[in-house]
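# Structural characterization, general
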Number of protein chains: 2
Amino acid sequence: MRLSTQSRYGVRAIFDIAYHSGGLGAQVKDISRRQGISQRYLEQIFQKLRRAGIVGSKRGPSGGYFLSKKPEQITVGEVIRITEGGINPVLCVNPDDSAKPCARSGGCVTQIVWNEAGKRLNDYFDSVTIKDLCQLAKEMGMKKDFDKRFMYYI
Amino acid sequence: MRLSTQSRYGVRAIFDIAYHSGGLGAQVKDISRRQGISQRYLEQIFQKLRRAGIVGSKRGPSGGYFLSKKPEQITVGEVIRITEGGINPVLCVNPDDSAKPCARSGGCVTQIVWNEAGKRLNDYFDSVTIKDLCQLAKEMGMKKDFDKRFMYYI
DNA sequence: CCATTCTTTATAAAAATTGTCAAGATAGTT
DNA sequence: AACTATCTTGACAATTTTTATAAAGAATGG
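Structure report, in brief. Computed from a predicted model, the values in this text were never measured in an experiment. (Residues numbered from 1 in each chain as written. Chains lettered and ligands numbered in written order. Predicted model: local features only at pLDDT ≥ 70, side-chain atom pairs only at ≥ 80, totals over all residues. Heavy atoms only, no water.)

## Some thoughts on the overall build of chain A
So the rule is basically this: For helices the rule is a DSSP run of H or I covering at least 4 residues; for strands it is a run of E covering at least 2, with both sets numbered from the N terminus onward. A simple rule labels every residue: compare its accessible area, found with a 1.4 Å probe on the protein chains alone, to the largest value its type can have, and call it buried under 20%, exposed over 50%, or partly exposed in between. By definition in these notes, contact holds between two residues if any of their heavy atoms fall within 4.5 Å. The Shrake-Rupley method, run with a 1.4 Å probe sphere, supplies the accessible areas, and residue values consider only the shown protein chains as cover.
Counting secondary structure elements, chain A contains 6 helices and 2 strands. In chain A, which comprises 154 residues, the share counted as buried stands at 45%. Pairs at least 24 apart in sequence give 65% of the contacts found in chain A among residues at least 6 apart. For chain A, the exposed surface amounts to about 8200 Å²; the carbon and sulfur share of it is 50%.

Here it is in structure tokens:
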């Protein structure tokens, strides 16, 4: 039972924007540096997030990605579903994926268990918002690393 | 977030013995046929289950695998942990796996979320026993397919 | 016009999963 | 003792998924 790297990175990226840039937007370059994630790989993940409408983007100098909703309106579950394509523990319980219907559907007791597990997982992930993560980070004393664009050099 | 095939097959195999053979033991050949799982692959999974002590084995004609505990004493969580090697959603929260320590451990807010999710999943899987599955199967009207060894040919 | 940044698509490397093969050990049967 | 059915073990191969990397393109701001 494992969460994909894209999901973990996706949640961290969204959190990073919310925490370090205060919703103003951040560049892939900086997020990459702060989170230690390959820039190219991060770009792929952001495309998914952008198409899903969870972030917006702006090209050119001083461009970047920004949250299109407030941190308290974005849940961890939402980000995971976008980057991972569902939180179901097994494919046969995913109603969307009719391409691979389980042969023993209807006579499969374990399916009921996987289904319930997926439901519980979804419920939990949906109960955690990005704002919650920011609050946690603050309590842990994580330093905010504001973007250099907002700094004045004396 | 997906459960590995070995875990799913493992749970189904244990359930199969409990349901169809009533704890008397069953052969890989029959379990393979009933569950539609490759015989060779199933053998691999049974080795894990045997080493973990959840099933016993007997070689030779009329040999096979049998549960070494009662169905109500075996939980789905137990089987999954054996076949999957832990239910933690991400590696960095697994205390055993110190080989890949997360660089930002201690300063990682998402880790807290993954940890809690894993805990909840474990709790749920531990709350479901093999006997529960058998009861479910009975309620669903699943036919029992007793081993031919116990049949009389007239 | 130019540098910077996102966009898109293709592709490659790595890892994990899934499955197969084959030789051997053990137990029961004849 | 010979024979057969079954588990045992380790090696290995195929497939899929994950995790990236590369490169050409488009938009933006200065």
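Still more to cover.
## Topic: the packing of helix α5 (residues 109-127) of chain A against helix α5 (residues 109-127) of chain B
What counts, and what does not: In this description, a line fitted to the C-alpha atoms serves as the axis of each element, helices being fitted only across the stretch in contact, and the angle between N-to-C directions of two axes falls anywhere from 0 to 180 degrees. Throughout this description, any angle smaller than 35 degrees is read as roughly parallel, any larger than 145 degrees as roughly antiparallel, any in the 65 to 115 degree range as roughly perpendicular, and the remainder as oblique. When the near helix sits turned anticlockwise from the far one by under a right angle, the crossing is termed left-handed; a clockwise turn instead gives a right-handed crossing.
Direction vectors running N to C along α5(A) and α5(B) enclose 150°, while the axes themselves pass 10 Å from each other. Of the possible angle classes, the one that applies to α5(A) and α5(B) is roughly antiparallel. In the packing of α5(A) onto α5(B), the handedness of the crossing is right-handed. Along its contact with α5(A), which presents Val113(A), Trp114(A), Glu116(A), Ala117(A), Arg120(A), Leu121(A), Tyr124(A) and Phe125(A), the element α5(B) presents Val113(B), Trp114(B), Glu116(B), Ala117(B), Arg120(B), Leu121(B), Tyr124(B) and Phe125(B).

## Quick look at helix α3 (residues 39-51) of chain B
All names here are of chain B. Note the threshold: Multiplying 1.5 Å by the helix residue count minus one yields the expected span of that helix. In this context, the arc is that of the directions from the helix axis out to the C-beta atoms.
An ideal rise of 1.5 Å per residue puts 18 Å on 13 residues; α3 measures up with 19 Å between its terminal C-alpha atoms. For α3, the set of buried residues is Leu-42, Ile-45, Phe-46 and Leu-49. The arc that holds the buried residues of α3, viewed along the axis, is 105°, so those residues lie on one side. Away from its buried face, by an angle of more than 90 degrees, α3 presents the exposed residues Arg-40 and Arg-51. Two residues or fewer after α3 comes Gly-53, characterised by a positive phi angle close to 85°.

## So, the pairing of strand β1 (residues 55-58) of chain B
All names here are of chain B. To be explicit about the condition: Here, strands pair whenever DSSP counts at least two bridges between them.
In this sheet, strand β2 (residues 64-67) lies alongside β1 in antiparallel orientation, the contact comprising 4 bridges. Bridged to Val-55 within β2 is Leu-67. In this structure, the hairpin formed by β1 and β2 is closed by a connection of 5 residues, where Gly-60 is found at a positive phi of approximately 85°.

## Notes on the packing of aromatic side chains
Formally: For Phe, Tyr and Trp, rings pair up if their centres lie within 6.5 Å, where Trp contributes its six-membered ring, and each pair is then called stacked (planes under 30 degrees apart), edge-to-face (over 60) or tilted (otherwise).
With the rule as written, the count across this model stands at 10 aromatic pairs over all chains. Ring plane angle 80° and centroid distance 5.9 Å describe the contact between Tyr9(B) and Tyr41(B), whose orientation is recorded as edge-to-face. Of this pair, Tyr9(B) sits in helix α1 (residues 5-20) while Tyr41(B) sits in helix α3, placing them 32 residues apart in sequence. Measuring from centroid to centroid gives 5.8 Å for Tyr124(B) and Phe125(B), while their planes differ by 40°, and the two rings are tilted. An aromatic cluster of at least three residues, connected via ring pairs, comprises Trp114(A), Tyr124(B) and Phe125(B).

## Things to note about the nonpolar core
Note the following rule: Only buried residues count toward a nonpolar core, which is a set of Ala, Val, Leu, Ile, Met, Phe, Trp, Tyr and Cys residues joined through side-chain atoms within 4.5 Å.
Counting 74 residues, the largest nonpolar core has Phe46(A), Phe125(A), Leu133(A), Phe46(B), Phe125(B) and Leu133(B) as the members making the most contacts within it. Discounting chain neighbours no more than four positions away, the residues touching Leu133(B) are Val109(A), Thr110(A), Val113(A), Val11(B), Phe15(B), Val76(B) and Val128(B).

## Considerations on unusual backbone geometry
Residues and elements named next belong to chain A. Positive phi is not limited to glycine here, since Ser-62 has a value of about 60°. Relative to the elements of secondary structure, Ser-62 occurs in the loop between β1 (55-58) and β2 (64-67). Relative accessible area serves as the criterion here: at 44%, Ser-62 is assigned to the partly exposed category.

## Some details on the protein's contact with DNA strand C
What counts here: By convention in these notes, a residue is near a molecule or strand provided one of its non-hydrogen atoms lies within 4 Å of it. Pairs of N or O atoms are called polar contacts if they sit within 3.5 Å, as long as, within protein, a hydrogen donor faces a hydrogen acceptor (for residues adjacent in sequence, only side-chain-to-side-chain pairs).
DNA strand C sits among 26 residues. The nearest are Arg50(A), Ser57(A), Tyr65(A), Thr5(B) and Arg59(B). Across the atoms of DNA strand C situated within 4 Å of the protein, the share located in sugar and phosphate is 67%. Here a phosphate oxygen of DNA strand C sits 2.5 Å away from a polar atom, N or O, in the side chain of Tyr65(A). Only α2 (28-35), α3 (39-51), β1 and β2 of chain A together with α1 and α3 of chain B provide two or more residues apiece to the surface near DNA strand C.

## Concerning the packing of helix α2 (residues 28-35) of chain B against α3(B)
Axes are the key here: two packed helices are described by the angle between their axes and the distance separating the axes. Residues and elements named next belong to chain B. Defined as follows: Lys, Arg, Asp and Glu make up the charged group, whereas Ala, Val, Leu, Ile, Met, Phe, Trp, Tyr, Cys and Pro make up the nonpolar group; the residues left over, Gly among them, are polar.
For the pair α2 and α3, interaxial distance at closest approach is 9 Å and the crossing angle is 115°. Read as a crossing pair, α2 and α3 show a hand that is right-handed. Two secondary-structure elements touch here, α2 through Val-28, Lys-29, Ile-31 and Ser-32 and α3 through Gln-39, Leu-42, Glu-43 and Phe-46. When grouped by side-chain class, the residues that make up the contact of α2 with α3 number 4 nonpolar, 2 polar and 2 charged.

## Structural notes on the environment of Ile112(B)
By the secondary structure assignment, Ile112(B) is in helix α5. By relative accessible area, which is 38% here, Ile112(B) ends up partly exposed. In sequence terms Ile112(B) and Ser7(B) are 105 residues apart; their C-alpha atoms lie 25 Å from each other. Not counting residues up to four positions away in its chain, the partners in contact with Ile112(B) are Leu136(A) and Met140(A).

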